[in-house]
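A look at the structure
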Amino acid sequence: MLSLSLSNMMMRKSTFAASASCAFQLLQQRQMETGTFPKSPSFLFFIHQHFTTSTASTTKSSPSSITNGGFCSNYNNLHSVADAVASFNQLLGIRPLPPVVVFNKLLGSLVKKKHYSTVISLCKQMDLSNIRPNVYTLTILINCLCHSNRDHVHFAFSVLGKMFKLGLQPTHVTFGTLLNGLCSKAKIIDAVKLFDDMGKMGFAPSLITYTTIIKGLCKIGHTTIALQLLKKMEEKGCKPDVVAYNTVIDSLCKDRRVNEAMYFFSEMVDQGIPPNVVTYSSILHGFCNLGQLNEATSLFKQMIGGNVMPNTVTFTILVDGLCKEGMILEARRVFEMMTENGVEPDAYTYSALMDGYCLQSQMDEAQKLFNIMVGKGFAPSVRVYNILINGHCKSRRLNEAKTLLSEMYDKDLTPDAVTYSTLMQGFCQAGRPQVAQKLFKEMCSYGLLPDSITYSILLDGLCKHGHLDEAFRLLKAMQESKIEPHICIYNILIQGMCTFGKLEAARELFSNLFVKGIQPTVVTYTVMISGLLKEGLSNEACELFRKMVVNGCLPNSCTYNVAIQGFLRNGDPSNAVRLIEEMVGRGFSADSSTFQMLLDLESNDEIISRFMRRSS
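Note that the structure is a prediction, hence the values are computed from the model and not measured.

1. Overview of the overall build of the chain
Across its full length, the chain holds 33 helices and zero strands. Split into buried and exposed, the 616 residues of the chain put 49% on the buried side. In the chain, 63% of the contacts between residues at least 6 apart in sequence involve partners at least 24 apart. By element, 52% of the accessible surface of the chain is carried by carbon and sulfur atoms, the whole surface being about 29,700 Å².

2. Re helix α32 (residues 592-601)
Along α32, the positions that sit buried rather than exposed are Thr 594, Met 597 and Leu 598. For α32, the angular spread of buried residues about the axis comes to 100°, placing them on one side. Contact partners of the buried residues in α32: α30 (557-569), α31 (573-585) and α33 (606-615). Between the side-chain oxygen of the N-cap and the backbone nitrogen of Ser 593 there are 3.2 Å, and the N-cap of α32 in question is Asp 591.

3. Description of the packing of aromatic side chains
To describe a pair of aromatic rings, you give the distance between the ring centres and the angle between the ring planes. With the rule as written, the count across this model stands at 14 aromatic pairs. Each ring, one from Tyr 263 and one from Phe 264, has its centre 5.3 Å from the other, and the planes form 85°; the classification is edge-to-face. Linked through ring pairs, Phe 335, Tyr 350 and Phe 378 together constitute an aromatic cluster.

4. Quick word on the pattern of salt bridges
Evaluation of the coordinates by the stated rule reveals 15 salt bridges. Here Lys 231 ties to Glu 267 by a salt bridge, and the two come within 2.9 Å at their closest N and O atoms. Of this pair, Lys 231 sits in helix α11 (residues 223-235) while Glu 267 sits in helix α13 (residues 258-270), placing them 36 residues apart in sequence. A salt bridge links Arg 257 to Glu 260; the nearest nitrogen and oxygen atoms lie 2.8 Å apart. In this structure Arg 257 comes out as partly exposed when scored by relative accessible area, which is 22%. Because the salt bridges share partners, they merge into one network encompassing Asp 364, Arg 397 and Glu 400.

5. Focus: the packing of helix α5 (residues 116-128) against helix α6 (residues 135-147)
As a packed pair, α5 and α6 sit with axes 9 Å apart at the nearest point and diverge in direction by 140°. What the angle tells us is that α5 and α6 run oblique. In the crossing of α5 with α6, the sense of the turn from one axis to the other is left-handed. Residues Tyr 116, Val 119, Ile 120, Cys 123 and Met 126 of α5 pack against Thr 137, Ile 140, Leu 141, Cys 144, Leu 145 and His 147 of α6. Considered class by class, the residues forming the contact of α5 with α6 number nine nonpolar, two polar and no charged.

6. Side note on the nonpolar core
By size, the foremost hydrophobic cluster in this structure holds 189 residues, and its most contacted members are Leu 353, Met 354, Leu 493, Ile 494 and Met 528. With nine residues, α6 is the single largest residue contributor to this core. Once you skip the residues sitting within four places of it in the chain, Met 528 turns out to touch Ile 494, Cys 498, Leu 503, Ala 506, Arg 507, Phe 510 and Leu 544.

7. Thoughts on the environment of Ser 574
Positionally, Ser 574 belongs in helix α31. Residues Ser 574 and Phe 611, 37 residues apart in the sequence, show an inter-C-alpha distance of 10.0 Å.

Here is what the cut-offs are and how they apply
- Residues numbered from 1 in each chain as written.
- Predicted model: local features only at pLDDT ≥ 70, side-chain atom pairs only at ≥ 80, totals over all residues.
- Heavy atoms only, no water.
- Helix = DSSP H or I, 4+ residues; strand = E, 2+ residues; numbered from the N terminus.
- Buried < 20%, exposed > 50% of the residue type's maximum accessible area, 1.4 Å probe, protein only.
- Contact = heavy atoms within 4.5 Å.
- Areas by Shrake-Rupley, 256 points an atom, 1.4 Å probe, with all protein chains shown as cover.
- Arc of directions from axis to C-beta.
- Polar contact = N/O pair within 3.5 Å; in protein donor to acceptor, adjacent residues only side chain to side chain.
- Phe/Tyr/Trp six-rings, centres within 6.5 Å; stacked < 30°, edge-to-face > 60°.
- Salt bridge = Lys/Arg side-chain N within 4 Å of Asp/Glu carboxyl O.
- Axes fitted to C-alpha atoms, helices over the stretch in contact; angles between N-to-C directions.
- Parallel < 35°, antiparallel > 145°, perpendicular 65-115°, else oblique.
- Left-handed = near helix turned anticlockwise from the far one by under 90°.
- Nonpolar A, V, L, I, M, F, W, Y, C, P; charged D, E, K, R; others polar.
- Core = buried A, V, L, I, M, F, W, Y, C linked by side-chain atoms within 4.5 Å.

Written out as structure tokens, the structure reads:
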């Protein structure tokens, strides 16, 4: 039914919006539509020491580029920065000088191609040539300063100040450009201050300025403040558009606040603003991240019923969500529906479905999909190889996984820490920690820096197979690399020592945790209690059990079961029964191993026998 609905919709003649414009694209569009402005005195002496002039002044333009009395008919057709600079220099040679709007058009063409530093340099030359700027010129300069690779936003503020001194009135586009620049540099506090100052100066915020600030707040995780601003926007009579709603809906979904996102979705519809593909895709992503696939599928059907065409991103989100929940058959059907309806999968779609097959250990299907992807002209990335390597490791096909590592180098793809960590974990789990050690050394020799996860994987493999000396040498190397071991690392080492009879060393390491200021977790205490009971030290284990509670670390179900089993093995049924009653009182229950031990002892131990009769 879903496939049929989508097919019917695809056959209709209506065209559906595929994406929403961002606020800054609106700014750029309005800038390019701006007309001429009154001339004003020169303005750029304050930045002479900060920017260098272009060195391309001697380059000649093609004759066809200059028309209409020496003015270029279409600067968008210039092929390079050198051509633009040559045209600029030719304009400087015309007498009388062309109006500033002609220079603005040339500068605007360079801005479209993101040649910000060149525009800044040409603006300096305009100043030296006594070409008086208008508001549009200064707005272009502010835009370039904001988007420069260097942090020149403070110079953009200086340009705004100069604009006021020259008696020029900035427009909403000027303010929007500066706000967008501040937000892009994560200077949100400055952006909010400028936003407030606009009101004090008599500039009522426009839809664009509101949307820019909302987008900036969401970008740094201040979603709640962004929501308050959206409400304030409505109170001030500035109706939010689909871009403003999409911004807050997407941010709410990323914060896993999907129910709130759905509230704003409904509000948006009630306001007569039709949701577009971006709206639906954001909420779909939110539902999938929460594992709420029923809600995601229902929304997908609603999207189709509302004549909004899913795009590649939408389909990929749904494929990925289904795969992560193990619903590989459903994911494959969505993938096929996508191609049947003329929406082309991209590399992310293929990798999402491949990951689904790998998680289900269906490596042959994953490999087929990989081959199809390559045949479609998509160059496999490091991430794609990591997905396949992980799948082979989970399926214990370690030779195939290692072959893929060699293939990456053959294709000039540099494996990352994830690649090596995945392989190391695979070999450790297969009982081959020595191979994992070789991979670790190979990784370091290629200049890849292992992180705490890499060290954890290798340490765990070494400790589980009794290579404790190598594990402590690796710990020392980790500390020498300025990576401070976290509690999980210490848990691995303590577990290894307890397992292989190094209780005294485990005790010492456990005590040093408090000296280092590291708080043991419930796992740490459980491992130590288990180690003590394994050596028959019931009293010490009982003391540590009570001490963990005093230290504010409450035992969990695993702690209780480990301790009870240890006491039973050591012939201490009294402590075992006492802990069972405490465990049940806290809402935990005996696991199958504990229960079996109690059944085995029932006929031979009087305390256990009485307890079992009372319990039944």
